[in-house]
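So you can see what is in the structure, the chains are spelled out below.
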Amino acid sequence: MEYNIFYISENCNLDCKYCYEKNKKNPSMMSWDEFLKQLKKVKKGDKLILYGGEPTLNWGLIEKICKNNITKDYFTSITTNGTLIDREKLKFLIDNDIEVALSFDGKRTTDKYRKEGITTKIFSLLQYCLDNKIINKITLSWVVHKENIDDLAQDIHEIITKYPSIIKKIHLRPLDRNLKNKIIESCNYNFICHSFCETCSNQECKATIKPYRYFKKNKIICSETSGIIGDFFHFD
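Residues numbered from 1 in each chain as written. Predicted model: local features only at pLDDT ≥ 70, side-chain atom pairs only at ≥ 80, totals over all residues. Heavy atoms only, no water.

Draft legend 1. Up close: the packing of aromatic side chains. Taken as a whole, this structure holds 7 aromatic pairs when the rule is applied. Where Trp32 meets Phe35, the ring centres are 5.8 Å apart and the plane angle is 15°; that geometry is what we call stacked. Of the two residues, Trp32 and Phe35 are both situated in helix H1 (residues 32–39); the distance of 3 residues between them amounts to about one turn of the helix. Here Trp32 matches Phe35 in class, with each residue buried. Through a chain of ring-to-ring contacts, three or more aromatic side chains come together here, namely Phe104, Phe123, Trp142 and Tyr163. If you follow Lys89 out to its NZ or CZ, it ends over the ring of Trp59, 4.8 Å from the centre. (Phe/Tyr/Trp six-rings, centres within 6.5 Å; stacked < 30°, edge-to-face > 60°. Helix = DSSP H or I, 4+ residues; strand = E, 2+ residues; numbered from the N terminus. Buried < 20%, exposed > 50% of the residue type's maximum accessible area, 1.4 Å probe, protein only. Lys NZ or Arg CZ within 6 Å of the ring centre and 35° of its normal.)

Draft legend 2. Broad picture of the confidence of the model for the protein chain. Looking at the protein chain, the pLDDT average stands at 77 and 72% of residues meet or exceed 70. When mean pLDDT is taken per element in the protein chain, helix H2 (residues 59–67) scores highest with 97 and strand S8 (residues 219–220) scores lowest with 42. Predicted confidence is poor over residues 186–211, with pLDDT under 50, and the contacts of this stretch with residues over four places away or in other chains come to 53 contacts. Counted against residues more than four places away or in other chains, residues 217–236, with its pLDDT under 50, gives 74 contacts. (pLDDT = per-residue confidence, 0-100. Contact = heavy atoms within 4.5 Å.)

Draft legend 3. Quick look at the pattern of salt bridges. Throughout the structure, instances matching the rule amount to 9 salt bridges. When the shortest N-O distance is used, the salt bridge between Lys91 and Asp95 registers 2.7 Å. Taken together, the residues span about one helical turn, with Lys91 and Asp95 both in helix H3 (residues 87–95) at a distance of 4 residues. Among the residues examined, Lys91 registers a relative accessible area of 42% and is labelled partly exposed. Judged by relative accessible area, which is 47%, Asp95 ranks as partly exposed. Measuring nitrogen to oxygen at the nearest pair gives 2.6 Å for the salt bridge that ties Lys112 to Glu147. Taken together, the positions of Lys112 in helix H4 (residues 110–113) and Glu147 in the loop between strand S5 (138–144) and helix H6 (152–162) put the pair 35 residues apart, joining distant regions of the chain. (Salt bridge = Lys/Arg side-chain N within 4 Å of Asp/Glu carboxyl O.)

Draft legend 4. Spotlight on the packing of H2 against H3. It is the contact of H2 with H3, at a shortest axis distance of 10 Å, that shows an interaxial angle of 35°. In the crossing of H2 with H3, the sense of the turn from one axis to the other is left-handed. For the pair H2 and H3, contact is made by Trp59, Ile62, Glu63 and Cys66 and by Lys89, Phe92 and Leu93, respectively. (Axes fitted to C-alpha atoms, helices over the stretch in contact; angles between N-to-C directions. Left-handed = near helix turned anticlockwise from the far one by under 90°.)

This is how it looks when you write it as structure tokens:
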């Protein structure tokens with residue numbers, strides 16, 4: 001399965017301190033026609049990731065994708081900061097088979113690096129899923145940097161304990177590739193993995209890196225994992 005990232009919005013409503021996408025000149029929104037043009041390059045059954053910027057700023061395109069049953073032919077997810085998603089929109093995404101990946105830095109640093117109140121918003125969406133028994137539909141896209149790495153294991157353990165069965169997987173996104181080894185060696189990687197996946201029988205479980213393709217307007221950006229974004233770790 002190939003992982004195909006579609007930048008459906010280069011705009012964003014936040015100004016995160018470490019963001020590599022901000023301060024772009026003339027940020028664009030992907031049109032429906034452009035989306036269909038790029039979609040022809042993706043095989044049915046592959047992974048389709050709606051990305052940004054903040055992709056929910058292009059909500060009209062998301063609605064068209066769903067109404068035209070695109071999500072029935074592709075494994076579809078959206079990576080979002082969550083600030084523009086209310087319960088109605090979250091339900092819409094989930095009802096249309098879109099896996100929701102919420103960007104997060106951990107409860108101690110998310111508001112500092114993103115915007116005050118975002119941690120509370122993320123937790124409210126997770127609580128909504130818990131209250132309504134929405135199981136394994138949420139992913140956390142966890143940005144790892146020098147100010148939150150020492151709390152990583154504890155933060156992950158706390159959130160998956162508080163919201164059992166709600167979080168399908170966690171992507172660890174180190175800003176610095178040098179943090180990769182520290183994640184595995186210094187943060188008790190196996191503790192994180194086995195706390196998240198109690199049924200995992202592989203005691204030597206390691207992070208895996210998947211290839212991604214990046215689609216922007218009129219072109220494919222690259223065919224492998226971007227060095228700018230960093231490695232994507234996941235716990236399946």
